[in-house]
Amino acid sequence: MNRKEKWTQRRKSANLKLYIIMILLTVVVLAPLNYFVLTGLNKPQETKKEVANVSKQETKESTQPSSKSQVYEQAKNSKIDTSKWISVQEEAWIPTLMYHHITPEIADSNCLAPEDFESQLDALKKDGYISVSPEEVYLILTENKKPAKKIVCLTFDDGFDDFYKNAYPLLKKYNMKATSFVVTNFLNKVSFLTDQQLLEMKKSGLISFQSHTVSHQSMESLNVDDQLEQLKTSKKHLDDLLKQDTLVICYPSGKLNDDTADLGIQAGYKLGFTTQPGFAAKSDGLLTLSRTRISSNMTGEEVINTLKAAGNH
Ligand SMILES: [Zn+2]
């Protein structure tokens, strides 16, 4: 073998080595790369599919009425432990304050300025009051015990949007619970709360939304069927929207007739609020509870004095 032949053979074997290295490189480097590229491409598709499924389920849930068992299961899961509550010797009662508008524009006696509302919350807090939810109201009245010595229930009628703008930020600041009675046909209309606002506020754990009927008609003037329609339809609307077992009916303008309380129970409510002045007590009937109206310019001190005066009875 001469030098030229030797050189050619060496070159051939070098080329062969190069081929082998290239094949190895293809297998070792490119195959995993392909794998990552392919899986990387597939993954978002899978995620997209999952998201699509979830949102499909959510849409299904939000458009389909929740079954009674589902609603009650949720209510059961959020059951309040009353074992450490203070037992009440006499009949338990709850001062329940009734508000309407919280707004700087005082048009009538149903409007309270935000600074006056804040001074009331401040006074209640400083005097040791804690605010209770509708579920707690039910337990206080039926089990005759309470979560603290000084309790108060804050209620807001009609579902005006100034509740979201002016009351909610202050309720959060003072960590006070409140109940808003909404008229289901008024939701999402100008000057009223929207579904989104309800969901956001409910999520805070401070605000509860309960029924103020479908169209704010006086129960007193409606026949049995129409009353039942108002009671049932508004409850179902809120049950479905907020995934809850709506507990309270607040009668428009506090008006009701002899049938209304029984129809309220028939529709699935456990509590009913009127505008009858006084404090909520079981002996008045769980579906006909009294409240204290808060009018314009009422100071924190005046609210405390009202509550104190009642406590002296
Ligand atoms: Zn009303």
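Residues numbered from 1 in each chain as written. Predicted model: local features only at pLDDT ≥ 70, side-chain atom pairs only at ≥ 80, totals over all residues.

A.B. asks: Can you walk me through the pairing of strand β8 (residues 151-158) in this structure?
C.D. replies: Regular strands place side chains that alternate from one sheet face to the opposite one. For β8, a buried count of eight out of eight residues is recorded, marking the element as mostly surrounded by other parts of the structure. Summarising the sheet, strand β3 (residues 96-99) and β8 pair through four bridges and their orientation is parallel. Within β8, the residue paired with L97 across the bridge is L154. In the sheet, strand β6 (residues 130-131) pairs with β8 via two bridges, with the strands oriented parallel. Each bridged residue has a counterpart across the sheet, and for S131 the counterpart in β8 is V152. Two elements, β8 and strand β9 (residues 178-182), share four bridges in a ladder whose sense is parallel. Its bridge partner being in β9, D157 is matched across the sheet by F181. (Buried ≥ 20, exposed ≤ 12 C-beta atoms within 10 Å, placed from the backbone. Helix = DSSP H or I, 4+ residues; strand = E, 2+ residues; numbered from the N terminus. Pairing = 2+ DSSP bridges.)

A.B. asks: Just checking my understanding: could you explain the environment of M176 for this structure?
C.D. replies: Looking at the element boundaries, M176 is found in the loop between α5 (162-173) and β9. Its 21 C-beta neighbours within 10 Å are what place M176 among the buried residues. Taking the C-alpha atoms as reference points, M176 and L206, separated by 30 residues in sequence, lie 6.7 Å from one another. Sequence-distant contacts of M176, defined by excluding residues within four places in its chain, comprise L121, S131, L154 and L171. (Contact = placed C-beta atoms within 7 Å.)

A.B. asks: Is there a simple way to think about the nonpolar core in this case?
C.D. replies: The nonpolar side chains of a soluble globular protein tend to be buried with one another. By size, the foremost hydrophobic cluster in this structure holds 63 residues, and its most contacted members are Y99, V152, F163 and L271. Those residues in contact with V152 that lie beyond four places of it in its chain are P95, L97, L124, Y129, S131 and L307. (Core = buried A, V, L, I, M, F, W, Y, C linked by C-beta atoms within 7 Å.)

A.B. asks: Explain the confidence of the model for the chain here, please?
C.D. replies: In low-pLDDT regions, the fine details of the predicted coordinates are not to be read closely. Predicted confidence across the chain gives a mean pLDDT of 83, with 74% of residues reaching 70 or more. Note on residues 29-66: pLDDT under 50 across the span, and six contacts to partners over four residues away in sequence or across chains. (pLDDT = per-residue confidence, 0-100.)

A.B. asks: Can you walk me through unusual backbone geometry in this structure?
C.D. replies: Among all residues except glycine, the phi angle is most often negative; among peptide bonds, the trans geometry is most common. At D158, a position not held by glycine, the phi torsion is positive, near 90 degrees. Tracing the backbone shows D158 in strand β8. For D158, a count of 21 C-beta atoms within 10 Å puts it in the buried group. Notably, N188 is not glycine yet its phi reads approximately 70 degrees, a positive angle. Note that N188 resides in the loop between β9 and α6 (195-203). Overall, N188 belongs to the exposed group, with 12 C-beta atoms counted inside 10 Å.

A.B. asks: Just checking my understanding: could you explain the packing of helix α3 (residues 114-126) against α5 for this structure?
C.D. replies: Two packed helices can be described by the angle between their axes and the distance between those axes. It is at 10 Å that the axes of α3 and α5 come closest, and there the two elements cross at 25 degrees. Viewed along their axes, α3 and α5 adopt a mutual orientation that is roughly parallel. Judged by the sense of rotation from one axis to the other, the crossing of α3 with α5 is right-handed. Contact residues: P114, F117, E118 and L121 in α3; N166, A167 and L170 in α5. (Axes fitted to C-alpha atoms, helices over the stretch in contact; angles between N-to-C directions. Parallel < 35°, antiparallel > 145°, perpendicular 65-115°, else oblique. Left-handed = near helix turned anticlockwise from the far one by under 90°.)

A.B. asks: Help me understand α5, please; the structure alone is not making it clear to me.
C.D. replies: Three or four residues apart is the spacing at which side chains of an α-helix point the same way, because the helix has 3.6 residues per turn. The end-to-end C-alpha distance of α5 is 16 Å, a good match for the 16 Å that 12 residues give at a rise of 1.5 Å each. Among all positions in α5, only D162, F163, Y164, N166, A167, Y168 and L171 are buried. Considering only its buried residues, α5 is in contact with β4 (101-102), α3, β8, β9, α6 and β10 (207-211). Note on α5: the residue one or two positions beyond its end, N175, has a positive phi of about 50 degrees. (Expected span 1.5 Å × (residues − 1).)

A.B. asks: Help me understand α3, please; the structure alone is not making it clear to me.
C.D. replies: For α3, built from 13 residues, the straight-helix expectation of 18 Å at 1.5 Å per residue is met to within 8% by its first-to-last C-alpha distance of 18 Å. Of the positions making up α3, those classed as buried are D116, F117, Q120, L121 and L124. Down the axis of α3, the buried set is contained in an arc of 140 degrees. They therefore lie on one face. Within α3, the exposed residues directed more than 90 degrees away from the buried face are E115 and K126. (Arc of directions from axis to C-beta.)

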